Amino acid sequence: MFKGTPELIAQRREEIINACEELYQTMSFREITLKEIGNATSFSRPTIYNYFQTKEEIFLALFEREYDRWNEELTGILGSYDSLTKAELADKIAKSLTNRAQLLKLLSMNNFDMETNSRQELLTSFKVSYGASIQNVCSLLQKFCPDMTDGEIQTFIYIFFPFMFGIYPYTAVTDKQRAAMKEANVDYVYQSIYEITYTCLCRLLDI
């Protein structure tokens, strides 16, 4: 790890993550390389190795930041209302994910390879943010759905969080994919992130 001031380390890590994020808007995970990320920063590519050893570690840091941003929205819901109906809670959570399309895109990737090719301390840091999102959703359910048992909340978590892995592929559809579905005669109703998430939440909350 580069022996600089904490401020400089944080600044350079953020610049690397931002470069990765920008490239990810127009390129796939497979296409993005450390060289491409280095070319998008203000310092030489070898400098990246002072902060991240693999491309997967950079994506994991981006992933962690997306969870942190979602957690801010979830805690905002938790602290802003004294009570919500189940329908209102479903609406708030669905809207929070509408703002986190990049989180959903990262979820749809091969997370096994990303986590396998990252150092333990970085993976642990990521899991802290991921775990916080689970706890925040649990806290929302405990506060706004007091009739739910601990077992029902656990069941909700083990259905909703795996469900999130499929939201992006089902809502971010390219013209090529649409054409293929039409040619294959697949009668599919396309939905937005909000629509598909809200519907799932309503089912899970038994609305």
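All values derive from a computational prediction rather than experimental measurement.

Some points on empty space enclosed by the protein
For step 1, the next point in the chain: For the coordinates displayed, the defined rule picks out one cavity of 30 Å³ or more.
For step 2, the next point in the chain: Approximately 30 Å³ is the volume attributed to the largest cavity.
For step 3, the next point in the chain: Lining the largest cavity are Arg13, Phe52, Glu57, Leu60, Ala61, Glu64 and Leu122.
For step 4, the next point in the chain: Of the residues assigned to the lining of the largest cavity, the class counts are four nonpolar, no polar and three charged.

As for the side chain of Ser96
For step 1, the next point in the chain: For Ser96, the position within the fold is in helix H4 (residues 86-98).
For step 2, the next point in the chain: Of the polar contacts made by the side chain of Ser96, one reaches the backbone oxygen of Ile93; its length is 2.6 Å.
For step 3, the next point in the chain: Every residue in contact with Ser96, bar those within four places of it in the chain, is listed here: Trp70, Glu73 and Leu74.

Some remarks on the layout of surface pockets
For step 1, the next point in the chain: For the largest pocket, the calculated volume is near 170 Å³.
For step 2, the next point in the chain: The wall of the largest pocket is formed by Lys86, Asp147, Met148, Glu152, Thr155, Phe156, Ile159, Leu204, Leu205 and Asp206.
For step 3, the next point in the chain: In terms of residue count, helix H8 (residues 150-164) provides more of the lining of the largest pocket than any other element does, four residues in total.
For step 4, the next point in the chain: Classifying every residue of the lining of the largest pocket gives five nonpolar, one polar and four charged.

Side note on the nonpolar core
For step 1, the next point in the chain: Within the largest apolar cluster, 60 residues are counted, with the highest numbers of intra-cluster contacts made by Ile37, Trp70, Leu97, Leu141, Phe156, Phe160 and Met164.
For step 2, the next point in the chain: At the level of elements, helix H1 (6-23), helix H2 (34-39), helix H3 (55-80), H4, helix H5 (101-107), helix H7 (120-144), H8 and helix H11 (193-204) are the ones that each hand at least two residues to this core.
For step 3, the next point in the chain: Per-element accounting of this core gives the leading share, 10 residues, to H3.
For step 4, the next point in the chain: Dropping the residues within four chain positions of it, Phe156 is found in contact with Val137, Leu141, Met148, Leu201, Leu204 and Leu205.

Let's talk about the pattern of salt bridges
For step 1, the next point in the chain: Scanning the entire structure with this criterion turns up 11 salt bridges.
For step 2, the next point in the chain: For the salt bridge of Arg65 with Glu21, the shortest nitrogen-to-oxygen distance reads 2.7 Å. Here the residue Arg65 occupies a position in helix H3, and Glu21 occupies one in helix H1, the gap between them amounting to 44 residues. Per residue, the accessibility class of Arg65 equals that of Glu21, and both read buried.

Some remarks on the environment of Asp68
For step 1, the next point in the chain: By secondary structure assignment, the location of Asp68 is in helix H3.
For step 2, the next point in the chain: The class for Asp68 is partly exposed, based on a relative accessible area of 32%.

Concerning H1
For step 1, the next point in the chain: Taking 1.5 Å of rise per residue, the 18 residues of H1 would be expected to cover 26 Å, and the 26 Å separating its terminal C-alpha atoms lies within 8% of that figure.
For step 2, the next point in the chain: For H1, the full list of buried residues reads Ile9, Ile16, Ile17, Ala19, Cys20, Glu21 and Leu23.
For step 3, the next point in the chain: Packed against the buried residues of H1 are H2, H3 and H5.

Calculation notes
Residues numbered from 1 in each chain as written. Predicted model: local features only at pLDDT ≥ 70, side-chain atom pairs only at ≥ 80, totals over all residues. Heavy atoms only, no water. 1 Å grid on protein atoms, 1.4 Å probe; cavity = no way out; pocket = protein on both sides within 12 Å on 5 of 7 lines; lining within 4 Å. Points joined across faces, edges and corners; volume = space filled by probe spheres on them. Nonpolar A, V, L, I, M, F, W, Y, C, P; charged D, E, K, R; others polar. Helix = DSSP H or I, 4+ residues; strand = E, 2+ residues; numbered from the N terminus. Polar contact = N/O pair within 3.5 Å; in protein donor to acceptor, adjacent residues only side chain to side chain. Contact = heavy atoms within 4.5 Å. Core = buried A, V, L, I, M, F, W, Y, C linked by side-chain atoms within 4.5 Å. Buried < 20%, exposed > 50% of the residue type's maximum accessible area, 1.4 Å probe, protein only. Salt bridge = Lys/Arg side-chain N within 4 Å of Asp/Glu carboxyl O. Expected span 1.5 Å × (residues − 1).

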